[in-house]
Amino acid sequence: DERGITDLSSFDGVELLFKWSAIEGVICGKYSVVILTKKRVYFYFDIVCKDKIIKSVKKYNFEILVVDYDR
């Protein structure tokens, strides 16, 4: 959402929020999407989430580098 990437499935009900300013890049491969952060954390998603992720990046922080190897 507009705040950033939120991980709601963390251990014991802890919610993690990574603001858009903490995101360095999005790498789209053949089977997955990986989101790199400025911290020692990264997120990976199934490729079916690719369009939604890219749409959100363009909407909330268009300066984030998106690399799409599947094209």
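By convention here, each chain's residues receive numbers from 1 onward along its written sequence. pLDDT decides what is reported in this predicted model: residues at 70 or higher carry local features, side-chain atom pairs at 80 or more are listed and counted, and totals for whole chains, interfaces and linings draw on all residues regardless. The basis for every side-chain value is the complete set of non-hydrogen atoms in the structure, without hydrogens or water.

### Re the packing of aromatic side chains
- Pairing of aromatic rings covers Phe, Tyr and Trp, the last through its six-membered ring, and needs centres within 6.5 Å; plane angles under 30 degrees mean stacked, over 60 mean edge-to-face, and all others mean tilted. If you walk through the whole model with that rule in mind, you get 4 aromatic pairs.
- For the pair Trp 20 and Tyr 60, a centre-to-centre distance of 5.9 Å together with 20° between the ring planes defines the contact as stacked. With Trp 20 in the loop between strand E2 (16-19) and strand E3 (23-28) and Tyr 60 in helix H1 (residues 50-60), this residue pair connects regions lying 40 residues apart in the sequence.
- Judged by relative accessible area, which is 10%, Trp 20 ranks as buried.
- A centroid spacing of 6.5 Å and a plane angle of 20° characterise the contact between Phe 43 and Phe 45, whose relative ring orientation is stacked.
- Members of the aromatic cluster, connected to one another through ring pairs, are Phe 18, Phe 43 and Phe 45. Working definition: helices are DSSP H or I runs of at least four residues, strands are E runs of at least two. Numbering for both runs from the N terminus. Buried, partly exposed and exposed residues are distinguished by accessible area as a fraction of the type maximum, computed with a 1.4 Å probe on protein chains only: under 20%, between the cut-offs, and over 50%, respectively.

### Concerning the confidence of the model for the protein
- A score from 0 to 100, pLDDT tells how confident the predictor is in each residue. The pLDDT averaged across the protein works out to 87; a share of 93% of its residues lies at or above 70.
- In the model of the protein, strand E1 (residues 4-7) stands out as the element of lowest mean pLDDT, 80, in contrast to E3, which has the highest, 94.

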